[in-house]
Amino acid sequence: MQVIEPLFDRTFLSDSYACRKGKGVHDAVDRYQAWTQNYRYVLKMDIQQYFPSIDHELPKEKLRRRIKDAQVLDLLDRIIDGSPRGTTIHNYFPGDDLFAPFERPVGIPIGNLTSQFFANLYLDDLDQYIKQSLHVRPYLRYVDDMVVLDHGKARLAEIRAAVRERLAIDRLQLHPHKAQVSPVADGLNLLGYVVYPSRRRLRSDNGHRFARRVRRMAQIYRTGRLEWTKVRASIQSWMGHAQHADTDGLRRAIFSQAVFTRGTGQEAAST
């Protein structure tokens, strides 16, 4: 995968951000927030059950348009066909007969590195369609989260309808409750943040979860069953995410109550 991925990556859309070098969550959020300075409305779309819905034959066809080496293709076919079967998706699309959804293998595992590559490849045709056929400039995608901005709600509704129709070609469907148009000024829930034109905050559930994690770590640390190096690594990881939002007050509130002390006769540590 390390050999062929760079060949594909050069052809992927610049504003496709997932699992690509130099194109992570914070880059995507920064890009979106920059666009909000110039557009009034945003359309955020999500594909329903994306990874479980990926049709095995379609990424094979897409690979064959770009790779001619039979041995490489055979290996990639084996990886796709070897995906463990999860919940079976039975959706009908234009041209299907009664048995089509039951005869077509679907689904790839979410966590695998190869799956992240196949996921980007699978939606690249959609990316190109949105940019070239729909002539959309402010568009980004992170896995199956898609964001489009415009000055008018009607235009975004047209784009949503066109995307829904184009997705059917790849045997995918938009999530019925996650394809909404809203003013950028209202804030957009995007990749763990709520993003406004001039500020961003961490999603409230993220802060609550981390506060509970800190309390649990403090309890375990007190018993001597958790090393300070692991506590520190966990805190630094969350801080790396939180510091990209307006979280000064949240961080002070969490860490002002975080006291890590060992039991009797053991050394204390400070966050």
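In short, a report on the structure. (Residues numbered from 1 in each chain as written. Predicted model: local features only at pLDDT ≥ 70, side-chain atom pairs only at ≥ 80, totals over all residues. Heavy atoms only, no water.)

**What about the sheet that holds strand E6 (residues 193–195)?**
Logical step 1: The strand order E5-E6-E7 describes an open sheet built from three strands, whose pairing is antiparallel. Among the strands making up the open sheet, the edge pair consists of strand E5 (188–190) and strand E7 (200–202). On average, each strand axis in the sheet is tilted by 30° relative to the strand beside it, whichever way the strands run.
Logical step 2: Note that E5 and E6 share three bridges and pair antiparallel. Bridge assignment links Leu188 to a residue of E6, and that residue is Val195. (Pairing = 2+ DSSP bridges. Helix = DSSP H or I, 4+ residues; strand = E, 2+ residues; numbered from the N terminus. Axes fitted to C-alpha atoms, helices over the stretch in contact; angles between N-to-C directions.)

**So, a nonpolar patch on the surface**
Logical step 1: Taken together, the side chains of Tyr92, Leu98, Phe99 and Phe102 make up a nonpolar region of the molecular surface, amounting to roughly 470 Å² of accessible area.
Logical step 2: The topology assignment puts Leu98 in the loop between helix H5 (70–81) and helix H6 (100–103). (Patch = residues over 30% accessible without salt bridge, like charges linked within 9 Å, V, L, I, M, F, W, Y side chains within 5 Å. Areas by Shrake-Rupley, 256 points an atom, 1.4 Å probe, with all protein chains shown as cover. Salt bridge = Lys/Arg side-chain N within 4 Å of Asp/Glu carboxyl O.)

**Structural notes on unusual backbone geometry**
When glycine is set aside, most residues are seen to have a negative phi, and most peptide bonds are trans.
Logical step 1: For Gln49, which is not glycine, the phi dihedral falls at a positive 50°.
Logical step 2: With respect to the secondary-structure elements, Gln49 resides in the loop between strand E1 (41–47) and helix H3 (50–53).
Logical step 3: Look at Arg171: it is not a glycine, yet its phi comes out positive at around 60°.
Logical step 4: As for its placement among the helices and strands, Arg171 is situated in the loop between helix H8 (153–169) and strand E4 (174–183).

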